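Below are the chains, spelled out letter by letter.
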Amino acid sequence: MEKKETGNWQTIKQEAGPDLKLFRVRFDYMVNPRNLREGRMVILEADDSANVVALTAEGRILFVRQYRFGISDYTLELPGGIVDPGEGHEAAARRELQEETGFMSEQWHYLGRIPSNPVFMNSYIHHWLALDVEERAAQKLDPGEEVELVSLPLEEARRMLFGGGFGHPHTVNALLLFFSYWQKRDNNGQ
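Draft legend 1. Layout of the overall build of the chain. Within the chain one finds 3 helices and 13 strands. Overall, the C-alpha framework of the chain stretches about 60 × 40 × 30 Å when taken along its three principal axes. Taking all 190 residues of the chain together, the buried fraction comes to 39%. The long-range fraction of contacts in the chain, counting pairs at least 24 apart against all pairs at least 6 apart in sequence, stands at 54%. Computed over 21 positive and 29 negative side-chain charges, the inter-centroid distance for the chain is 7 Å.

Here it is as structure tokens:
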């Protein structure tokens, strides 16, 4: 593989590592510009993900409670998941909302994106807002999923957010973007 520069860091070579179902490992051999030492960096290649702040007409946000193996505990988080190959992130957000909750919406707004974990991952999480969501179908969970639907009033979700009640960083970021959007919307009289 040819040598390429990334800022002042230089990538000398790349090697494929194991395929880990959701991630593919890549090893980048890079030269540190500070001390000119070469090191092997681990990169997890993954598809982007999308999550949804799903707001009902009654002012409730939908969350899902599910077991997370990395921390061996349940989290309360926004519905979402991986963008399938060839699928756009809005389509993934719509699909994941329907599969995990049975709810759908006709009013979608893009809130933004952040890196999934820029320390060692190359993917992004896209945050979407779905307004006036309505239950129109049954949950369609993957065989490895166990998801409990939880809805919280807008103000309770805000209190939990600013009180540290959500542990999933993607949920925290999406809610911060949502409440900023919502405040601007309210200030503009919409």
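Draft legend 2. Representation of the packing of aromatic side chains within the structure. The tally for this structure, following the rule as stated, stands at 7 aromatic pairs. Judged by centre distance (5.0 Å) and plane angle (20°), the rings of F63 and F166 are stacked. With a gap of 103 residues between them, F63 in strand β6 (residues 60-68) and F166 in the loop between α2 (154-162) and α3 (169-187) connect regions that are remote in the sequence. In this pair, the class of F63 matches that of F166, namely buried. Between the aromatic rings of Y110 and W128, the centroid separation amounts to 4.9 Å while the plane-to-plane angle is 55°, which identifies the pairing as tilted. With Y110 in strand β10 (residues 107-115) and W128 in strand β11 (residues 124-131), this pair connects stretches of sequence that are 18 residues apart. What makes Y110 partly exposed here is its relative accessible area of 38%.

Calculation rules
- Residues numbered from 1 in each chain as written.
- Predicted model: local features only at pLDDT ≥ 70, side-chain atom pairs only at ≥ 80, totals over all residues.
- Heavy atoms only, no water.
- Helix = DSSP H or I, 4+ residues; strand = E, 2+ residues; numbered from the N terminus.
- Buried < 20%, exposed > 50% of the residue type's maximum accessible area, 1.4 Å probe, protein only.
- Contact = heavy atoms within 4.5 Å.
- Lys, Arg positive; Asp, Glu negative; His and termini not counted.
- Charge placed at Lys NZ, Arg CZ, Asp CG, Glu CD.
- Phe/Tyr/Trp six-rings, centres within 6.5 Å; stacked < 30°, edge-to-face > 60°.

By themselves, these figures tell us nothing about what the structure is for.
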